[in-house]
Amino acid sequence: MPDTDAAGRSQTKDQDDAVESGPPAPRLYSVTTRYTDQFLGGQDGPDLLCDDAVAALHFALTNSSSSPLAVTCTTSTDGRTWRDLPLRLLHADALSALRRHVKPAMYPAPVDNSRPDPRRPRAALRGLIELAQVKWLDSALHVDDEATWLPDEPTAADWVRAGRMWAAVWGDIPSESVLKRLPGSAPSTALREGLLRAEAAAVLDATALAHTPAPGADGDGDGDGSLPELHSAWALLHDVAERTLGAEFGPGTDVRTAEHRLLERIGALHPDTAGLLAATRDHPAAAGIRAAAHAYLRRVLVLWPKTAAWTEKARTAFLEDVHALRTTVDGIPPGPPETRAQAVLREVLEGLDLPAALSRHEAAALWRSHSGRGAEQAGWDATVETNRTDDLALAHTVEGTPQGREEAVAEAQRALNAVAGFHDERVTTHAARGHLHALAASLVTLDQALRTLQHGIWDIHAERRAQHDPARGPWNGYDEQRATADLTPVLEDGEARIAQLRQRCLDAANHTLTHLIPQLTDTPRDDYRHHRMRNYLAPLDQLRKILNILGPLTDEQHRTCRELRTRLNTGPRFGEKHTTAQDLAAAEKRLQVLERRYTDTQTEFALSVTLGRLFDQVRTPAPSPSEAAAAPRSSRRAAYTPTNGHDQATATAHPGPAAHGRTPGA
């Protein structure tokens, strides 16, 4: 993984660039958009998976707006552990990346990169991001879901809504440069911009008040918000959450967390709830009482302090709920004591459950973290995406006529869109393989749990047989039946539940693959298209050809390195070319690249063997209940041996480059 060079940090920075302590850790950014239109709600829109914060931010701003697309961003430092990343933090990452000339890469850079110079046009990229922010704000000004007709000029309500949205999404006040580039120059625009900035500042102040620590009993915290001030801030955030935007507009845009914090502080001061919450702070049902108080306040605070007649009904219902919570005693009647076999079954099933559903990008990142060849492909995609984004930024700075600049921008945008489409296809392929790889790990876990259950039950059986008194006679079938009377039902129950989990994992994988690859919906199990799809997800023939090509190349490069090393030590013979240390270093670097590619291809071959077998299992329909009942039951004494072959998911032992004449599976 390349490191950021010190030269980039030592160069002259812009005046607004802060000096940072060191290079940031490389991150993998996943930008996913979803349709919020009433006819397309819940469907996936455009998406991106890359390690460039600038390209990710531009993609998010270009492909999303207040409606009908909503953007969600996730980031990961290792490609496996994911967390939500608000747009304001993605924007901060992009600005931090622009302060350096070198982009920290999550994936290895491709060998045949056409742009070895890692420096980027910082000023042009900043202008590109700013232009995207202007378009985002302009779309927020001209979108209103409740209106059937929109005027040409935004109204005061539009400026209010846009200011609140900007504060919730970006976490700051719009800059002067963004406001100046907004289309339209009416005399009232300046006044409307002031209204936008005022509403954004009000949302930021309310959010800051929510995160200010409340004064405690011991004097901790410096928050002095009074009840009217807290209520005003809560009403503003409540209106933003209910009418302006919600959680579907991406992580960080949901102000319900700040609203909930304000509600807790209001509950400690409101006359209807303060006394009850203070008196029941240490009550066993304190959480339920606090939830009931918050539900009551959400109904009352909309009209408070101007109460209405229905407030009395709400207060009565709230007091009844609190009384029921304070007087209810939770108790579970004791049952029969747990046997040792049941304890074994409980321990085995304790950690078993359906694995968490992976998103499209999580599955793709999972595959790339295990497949070196997939990581190399992703590195190529990320590099091309970064280069095309730089081209688009530079196209906006082309000197000449406006028409020439527009043509350059359109051409760069078409090139970026083409790369994004190819990138999307690659992510889909890697996601399908990642889901199958996760399924393999789940099936391995279930097989291990089944073996643990069987061994635990038979250990109990062996102990009971060892405790048999020989004075009563030899161990016979009657003794066997008595010893296993309580073990057999437990074993059968455990096997049935593990088999059910196994089938649910297969069904979930089938549903996910069908969602990723719609062609699987009408593809029969024995159809030619099924085998083509199987070869597409597990290209064993292609990997064999690559191994057959890389093997001789690696051996030849080994010989070249040995010859160069000999020439360097003994000197060139008559007629031979003079050898330098740089020639040897370049040859060794090419050898390392070939060896890495050969090893990565071997690893992917082993993984692809597993993926092909799992794909057949996933696409095979489950047996009917009658067929399952008619199937012969295997002997209990036989040692359990998995027959699915998915234990090979971690196998990477294959012949080295010197044995390229016998490729795996040949």
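Per chain, residues are indexed from 1 in the order of the written sequence. Where totals are concerned, whole chains, interfaces and linings use all residues; where local detail is concerned, this predicted model gives features only for residues with pLDDT of at least 70, and gives and counts side-chain atom pairs only at 80 or more. No hydrogens and no water enter the side-chain calculation; it runs on all heavy atoms of the structure.

### Observations concerning the pattern of salt bridges
Argument step 1. By salt bridge we mean one thing: a side-chain nitrogen of Lys or Arg within 4 Å of a carboxyl oxygen of Asp or Glu. Counted according to the given criterion, the structure contains 23 salt bridges.
Argument step 2. With a closest N to O distance of 2.7 Å, Arg-120 and Asp-390 form a salt bridge. Within this pair, whereas Arg-120 is found in the loop between helix H3 (87-98) and helix H4 (122-141), its partner Asp-390 is found in helix H15 (residues 372-395), the two being separated by 270 residues in sequence.
Argument step 3. Judged by relative accessible area, Arg-120 falls into the buried class, the value being 10%.
Argument step 4. Accessibility here uses a 1.4 Å probe with only protein chains present; expressed as a share of the type maximum, an area under 20% marks a residue as buried, one over 50% as exposed, and anything in between as partly exposed. Of the residues examined, Asp-390 reaches a relative accessible area of 6% and is grouped as buried.
Argument step 5. For Arg-340, the salt bridge is made with Glu-463, and the minimal N-O distance between the two is 2.4 Å. Linking Arg-340 in helix H13 (residues 340-350) with Glu-463 in helix H16 (residues 402-466), this pair joins segments that are 123 residues apart in sequence.
Argument step 6. On the basis of relative accessibility, which here comes to 47%, the residue Arg-340 falls in the partly exposed class. Helix and strand assignments follow DSSP, with helices taken as H or I runs no shorter than four residues and strands as E runs no shorter than two, numbered in order from the N terminus.

### Observations concerning the confidence of the model for the chain
Argument step 1. Confidence scores labelled pLDDT are given residue by residue by the predictor and lie between 0 and 100. When pLDDT is averaged across the chain, the result is 77; 77% of the residues are at 70 or more.
Argument step 2. A low-confidence stretch, residues 217-223 stays under pLDDT 50, and its non-local contacts, those more than four residues away or across chains, total 11 contacts. Only heavy atoms matter for contacts: two residues are in contact if any of them lie within 4.5 Å across the pair.

### What about the sheet that holds strand S2 (residues 44-50)?
Argument step 1. Only strands that DSSP links by at least two bridges are regarded as paired with each other. Across the sheet, four strands lie side by side as S2-S1-S3-S4; this open sheet has antiparallel pairing. Edge positions in the open sheet fall to S2 and strand S4 (83-84), since each of these has one partner strand only.
Argument step 2. Pairing of strand S1 (residues 28-35) with strand S3 (residues 69-76) involves eight bridges; the strand directions are antiparallel. Looking across to S3, one finds that Thr-32 is bridged to Thr-72.
Argument step 3. Helix H14 (residues 360-370) rests against S1 and S2 of the sheet, and its axis sits at about 30° to S2. Axes here refer to lines fitted to C-alpha atoms; in helices the fit is confined to the stretch in contact. Angles between the N-to-C directions go from 0 to 180 degrees.

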